[in-house]
Each structure stands twice: as C-alpha cells, then as structure tokens.
Amino acid sequence: MSRAEVLPKARVGRAPSPLWTFGLFRSELVTTFRRWRTIALLGVLAAVPVLIGIAIKIETSGGSAAGRGGGEGPAFISQVTNNGLFLVFTALAATLPFFLPMAIGVIAGDAIAGEAGAGTLRYLLVAPAGRTRLLLTKYATTMTFCLVATLIVAASALTVGALLFPLGELTTISGTRISFTEGLGRALLIALVVAASLIGVAALGLFISTLTNSGIAAMATTVGLLITVQILDQIPQLHALQPYFFSHYWLSFADLMRDPVYWDDLARDLGLQALYAAVFGSAAWARFTAKDITA
C-alpha cells in the first residue's frame, strides 16, 4: 500500500480537511509499522522479558532466591518468583535504560532524515500537508510507537510471568498487600508512565532528524547521545547537572509500587520530559520550516 493509496485526496487551493490529516497520520503509522526494522525492534523488545523470565526460572530452580547478590539486577527481580506480575516491572526496568530509548531513537531519528534520504520528503510536502502538520504527524507517530513498544514489553512480561511463576496478591515496596487486580492496574499505569518518560527522547530524535538528510546518521547520533547522557548521569562529580538529564528520573516509576504512591519524582520526570519535548520540538519546528528541501 503506497502513501498515495492511503491518503484521501484534498482539493487544490483548499486547506486539508481533518479527514486528510487523519489519513496522513494513518499513512505514517502503516509505513512505520510495516518496516522490517520496526518489526525487528519490537521483536527484540518482546524477547527481553522472555530471556529475563527464563534466566530467573533457571537460577531459582534449585530453590535459591533471584537477585541473591544483594540488589543485583533490575528492580523487583527478587520478587518475581513469588509473583509473576513483578516480571512486568522488572522487564520495564531492564529495557528502559537502553532498549526502549534506543528503539525510540531509531524511529525518531529516521522520521524526517529517512524521508529526505529516500527522496520522498518533497513528495509529502507537495501534498497539502504543510511542514508543521507533517512534523506533528511524525512526532505523533513516534509517540504511538513509544506506547506500542512499552505495552509489548509489558504484555510479553505478563505472559511469561503467568506461565513460569505464580500469580496472586502483591506486596508493595511499602510492605502493604494489594490485590492482583489492583497490581495489574498499577502495571498498566507504570507502562503508560514509561511511555510518557520517552517523549523527550522522541523530540530530541526528531530535532536531530531535521539536521541531516541521512537517516542512518540521524539514528546513530540520537542513539549516541542517549548513551552519552546515561554515562554522564552515573558520574558523581556531575551531581549538580544530573537532575536536568532526561534519563535521571526514568526509574521513578517504581514509586507507583509504594502505598501511598510517592509522586514527587514522578512529577519531576514528567515535567522534565515535557520541557525537553517543548524545547527540542520547537527547535525541530524552527529548523524544518526554514529548511531548504532538496530531496
């Protein structure tokens, strides 16, 4: 299915209708999720919980406890053998520092630069989309991928956790007991928070994508910056700057497993992501609307 077949026709000389805008968004979604690269990224993300669950099952097959090395490994790993739902939290904690942002960086970095490199960007702008509308559609598509990728990790972890470990009531970080239904609700909320924690990365990748006509260069630069920022976030001498790194509060989603929920770091995380999205989204808009499109 080509873009021309997906997009509804708009009359020349008239502003595109909301239906045309939805058609553009649908076209971007279809194009993005049909690519083998996207399918491969989602497959890797779905495989991470499987590998973690199998590793924990093998490690504990002799009756030993997971994470017995004193806090080694992702958060919640020691509780997985008691309740498979904890594998959801463990998998999200394991994928958030690298796998999820890397996947988002690849999709966002390729959003504009990939179209330019393939020679389709001028075609998109010939249609009555407008640069601002196209940029917003690209960002919405990237955010949809954020949500889908996070939910795939959570769904894979829940499936593996249910197959390999018992399910039931959960013990929160505060030591209180909650029902499995409430725990499932918190797992969904955590997945949504993790997806929202990546909006800054998506905006950063989109901005980088407007700076070059090479999709590979944009993806590599975005992923390289992700790795660099997370290394800097671990250097004690930079503690004064670290609260401003987009990755600093990523693991604050664990506070949703407290009773009552501790909201301070969660609010800081979401506020910081909104700031990054506003700054780099504005930069992407300024760059893209003034860019000379030659491809």
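Residues numbered from 1 in each chain as written. Predicted model: local features only at pLDDT ≥ 70, side-chain atom pairs only at ≥ 80, totals over all residues. Heavy atoms only, no water.

This brings us to the packing of aromatic side chains. Each aromatic ring pair is characterised by the separation of its centres together with the angle its planes make. Counted under the stated rule, the structure contains 7 aromatic pairs. Plain terms: the ring middles of Phe33 and Phe145 are 6.0 Å apart, the flat faces sit at 40° to each other, and that makes the pair tilted. In this pair, Phe33 sits in helix H2 (residues 18–34) while Phe145 sits in helix H7 (residues 131–164), placing the two residues 112 residues apart along the sequence. For Phe33, a relative accessible area of 24% corresponds to the partly exposed category. (Phe/Tyr/Trp six-rings, centres within 6.5 Å; stacked < 30°, edge-to-face > 60°. Helix = DSSP H or I, 4+ residues; strand = E, 2+ residues; numbered from the N terminus. Buried < 20%, exposed > 50% of the residue type's maximum accessible area, 1.4 Å probe, protein only.)

Another aspect to go through is the nonpolar core. Val88, Phe89, Leu92, Phe145, Ile190, Phe246 and Phe253 are the most contacted members of the largest nonpolar core, which has 64 residues in total. Looking at this core, the elements with two or more residues in it are helix H3 (36–59), helix H4 (86–95), helix H5 (99–118), H7, helix H8 (180–196), helix H9 (199–209), helix H10 (215–232) and helix H11 (264–290). Of the residues forming this core, the biggest block, 8 residues, is contributed by H7. (Core = buried A, V, L, I, M, F, W, Y, C linked by side-chain atoms within 4.5 Å.)

Their axes nearest at 9 Å, the elements H9 and H10 cross at an angle of 140°. The angle between the axes of H9 and H10 places the two elements in the oblique class. When you trace H9 past H10, the crossing you get is right-handed. Contacts between H9 and H10 pair Val201, Leu204, Gly205, Ile208 and Ser209 from the former with Ala218, Thr221, Thr222, Leu225 and Leu226 from the latter. Class assignment of the residues belonging to the contact of H9 with H10 gives a composition of 6 nonpolar, 4 polar and no charged. (Axes fitted to C-alpha atoms, helices over the stretch in contact; angles between N-to-C directions. Parallel < 35°, antiparallel > 145°, perpendicular 65-115°, else oblique. Left-handed = near helix turned anticlockwise from the far one by under 90°. Contact = heavy atoms within 4.5 Å. Nonpolar A, V, L, I, M, F, W, Y, C, P; charged D, E, K, R; others polar.)

This is a description of form; function is not addressed.
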